[in-house]
Amino acid sequence: MKGWRRSPPVRRGVALLLLLGVWEAASRVGVLDPFYAPPPSAVGEVMFTLAAGGDLWPHLGATAAAAFAGLLVGLVLGIALGFAAALVPLVADLLEPVMILLNAIPRVILAPLFVIWLGIGLASKLALATILVAVLIFFAVFNGVREVDRRLVERVRTLGGGRRILVREVYVPSVTSWVLGSFKVAVGFAFTGAVVGEFVASSRGLGYLLQFAQSTYNAALTIALILIIMSVVLLLFACAERIERRLLRWRYL
Amino acid sequence: MLRVSGMTVGYGGEPVLESIDLDVAAGEFATLIGPSGSGKTSILRVVTGLLEPLRGTVDLDVGVRDVGFLFQDDALLPWRTARQNVALGLRIREVAPAAADEQAEHWLTVLGLAGYGDRYPGQLSGGQRKRVAIAQVLALRPRLLLMDEPFAALDAIVRTRITQELLEWVERERLTVLLVTHDLEEAISASDIVHVLGQGPRAAIRASHRVEIPRPRRVLEARGHPAFGPLLQRLWDELAAERPPAPSAEPVES
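Rules and cut-offs
Residues numbered from 1 in each chain as written. Chains lettered and ligands numbered in written order. Predicted model: local features only at pLDDT ≥ 70, side-chain atom pairs only at ≥ 80, totals over all residues. Heavy atoms only, no water. Helix = DSSP H or I, 4+ residues; strand = E, 2+ residues; numbered from the N terminus. Rg over C-alpha atoms; globule rule 2.2 N^0.38 Å. Contact = heavy atoms within 4.5 Å. Areas by Shrake-Rupley, 256 points an atom, 1.4 Å probe, with all protein chains shown as cover. Lys, Arg positive; Asp, Glu negative; His and termini not counted. Charge placed at Lys NZ, Arg CZ, Asp CG, Glu CD. Domains from an automatic or database assignment. Patch = residues over 30% accessible without salt bridge, like charges linked within 9 Å, V, L, I, M, F, W, Y side chains within 5 Å. Salt bridge = Lys/Arg side-chain N within 4 Å of Asp/Glu carboxyl O. Buried < 20%, exposed > 50% of the residue type's maximum accessible area, 1.4 Å probe, protein only. Buried area = accessible area lost by both parts, 1.4 Å probe. Nonpolar A, V, L, I, M, F, W, Y, C, P; charged D, E, K, R; others polar. Expected span 1.5 Å × (residues − 1). Axes fitted to C-alpha atoms, helices over the stretch in contact; angles between N-to-C directions. Parallel < 35°, antiparallel > 145°, perpendicular 65-115°, else oblique. Left-handed = near helix turned anticlockwise from the far one by under 90°. 1 Å grid on protein atoms, 1.4 Å probe; cavity = no way out; pocket = protein on both sides within 12 Å on 5 of 7 lines; lining within 4 Å. Points joined across faces, edges and corners; volume = space filled by probe spheres on them. Pairing = 2+ DSSP bridges.

1. As for the overall build of chain B
The number of helices and strands found in chain B is eight helices and nine strands. Relative to its length of 254 residues, chain B is compact, with a C-alpha radius of gyration of 19 Å against a globular reference of 18 Å. Here the contacts in chain B between residues at least 6 apart in sequence split such that 70% fall between residues at least 24 apart. In the form shown here, chain B has an accessible surface area of approximately 11700 Å², with 50% of it arising from carbon and sulfur atoms. On chain B, the mean spot of the 28 positive side-chain charges and the mean spot of the 34 negative ones are 4 Å from each other.

2. A short note on the domain arrangement of chain A
Taken domain by domain, chain A comprises domain 1 (1-31) and domain 2 (48-247). Taken over C-alpha atoms, the centre of domain 1 of chain A sits 35 Å from the centre of domain 2 of chain A.

3. Points about a nonpolar patch on the surface
All names here are of chain A. A contiguous nonpolar surface patch, about 400 Å² in accessible area, is contributed by L16, L17, L19 and L20. Tracing the backbone shows L17 in helix α2 (residues 8-29). What makes L17 exposed here is its relative accessible area of 62%.

4. Structural notes on the interface of chain B and chain A
Opposite the 22 residues of chain B that make contact, chain A presents 19 residues. Summing the contributions of chain B and of chain A, the shared interface buries around 2100 Å²; its carbon and sulfur component is 64%. Linking chain B with chain A are four salt bridges, by the criterion used here. In terms of residue count, the dominant contributor to the side of chain B that touches chain A is helix α2 (residues 82-92) of chain B (three residues). Residue classes in the side of chain B that touches chain A are distributed as twelve nonpolar, five polar and five charged.

5. Topic: helix α10 (residues 183-200) of chain A
Note: α-helices contain 3.6 residues per turn, so residues at a spacing of three or four share the same orientation. Residues and elements named next belong to chain A. Here α10 spans 26 Å end to end across 18 residues, near enough to the 26 Å set by a 1.5 Å rise per residue. Within the sequence span of α10, burial applies to F183, A186, V187, G188, A190, F191, G193, A194, V195, G197 and E198. Of the surrounding secondary structure, the elements contacted by the buried residues of α10 are α4 (56-87), α7 (122-146), α9 (163-181), α11 (206-215) and α12 (219-247).

6. A short note on the packing of α4 of chain A against helix α5 (residues 89-104) of chain A
Residue and element names in this part refer to chain A. The geometry of α4 relative to α5 is characterised by a closest axis approach of 6 Å and an angle of 125 degrees between their N-to-C directions. Judged on the interaxial angle alone, α5 and α4 are oblique. When you trace α4 past α5, the crossing you get is left-handed. Taking contact as the criterion, the partners of L81, A84, A85 and L87 in α4 are, on α5, P89, V91, A92, L95 and M99. Here the residues of the contact of α4 with α5 are counted per class, giving nine nonpolar, no polar and no charged.

7. Examining empty space enclosed by the protein
Using the criterion set out here, one finds three cavities of 30 Å³ or more in the structure. Considered as a void within the structure, the largest cavity measures approximately 110 Å³ in volume. Contributing elements (two or more residues each) for the lining of the largest cavity: α8 (150-158) of chain A together with β5 (67-70) and α4 (126-138) of chain B. Considering each element in turn, the lining of the largest cavity owes the most residues, four residues, to β5 of chain B. Residue composition of the lining of the largest cavity, by class: eight nonpolar, three polar and two charged. Residue composition of the lining of the second largest cavity, grouped by class: seven nonpolar, one polar and one charged.

8. Focus: the sheet that holds strand β2 (residues 17-24) of chain B
Residue and element names in this part refer to chain B. Reading across from one edge, β2-β1-β4 is the order of the three strands in this open sheet, with antiparallel pairing throughout. Each edge of the open sheet carries a strand with a single partner, namely β2 and β4 (55-60). The mean angle between the axes of side-by-side strands here comes to 10 degrees, regardless of whether they run parallel or antiparallel. Direction of pairing for strand β1 (residues 2-9) relative to β4: antiparallel, over a ladder of five bridges. By the bridge assignment, L2 is partnered in β4 with L60.

What follows is the structure, given as structure tokens:
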């Protein structure tokens, strides 16, 4: 019965526990300065207090609201602009250079500008999350439409299908698979936009807490928040993957 | 049934095909052979309206809806099941969804795919996908069937079997067929007349041969018919004479 020792999840779990154990021990015997590297137990305590004391939830809610709204608006905007650019050459000529530029830069540098324009409330976070997502989705749709399988288009045409049928049977499913391919990244981007937006200037949200923890040199809180954000994003990834598998079930057979 | 007159096709630059005249009589199984790159496929694409010719006309005795086109590859909509793929053409012709599904299932059964209706193309073998593609075309009850090297990608056994089934269907429905292939044996064993297209550019039809083997045929038996060998030899010779022009060598000083 040595099988379990070879299972990767078990090995990874053991490695993680070992790491935490060493960290905890090093912190306790004074090899690591707890001020900079608080032991896992201290971090765990902070996380528990945050969650149980109820301080965490309004902040998590604010970040999630900005991220989801940004994801939604970004998806709609990206899909609309992507289709427009793919179908109308004039729109492509106007949009493509802007999009390529926006795609090339780290878009989070726009955060201060959004704060100046839109204030420290939800709007500036929403704007940042939206632009992160929209540019990504724009290219997914733009390329998806342009690289649609010509053979399928011809096939449907010889079966008598017109423009409406082509859009429904070929273009939309084809683009959907492209968009879903970027969906997980988009979810991550939306969350990044919200958190970074809050980090730059805000009065609530996980990013705000993180900024507060940093300015007060609270390493335990900082690490706790990083872990919380990581868990939320991993949870969202799992959801995104489920949605992807559901919609692209023809691909996962 | 189908008359192509003075058709010239080009994609910019020198025309690929020039002044093609081609008649396919009702009920006739016609085959077009020719060197690759001679523009065989372009003729079919013009007939189905996928390609606009530079000059010339296409006259059909039937509506464009009565023309079925079986493509070379078996590209089906990957996000639709076999049944949905077959039903697609019917749905486009405004058959009610339930009736379209029922007919699609019937055609899958005819093609030997009963019980495969819920599979996606990714779950089917190459031969099965080809059968779905055939069902998709036959379900629309075409009067004229255009086929572009439909079985090129299949292995020999599947290929012979599907060809035989299709021949039987053509016989039963008295379909008019225009087949494009580069397989000479397939051309002879299936068709009433073989048209030989010359080497492009500016390819034209060089010769037409009647196949004097009585119909209905069985693919494998047709190959044993006394008329088969000599015709095969002639087609070989004609195609061999259509080699692409050799790149002009430097004149040799003597």
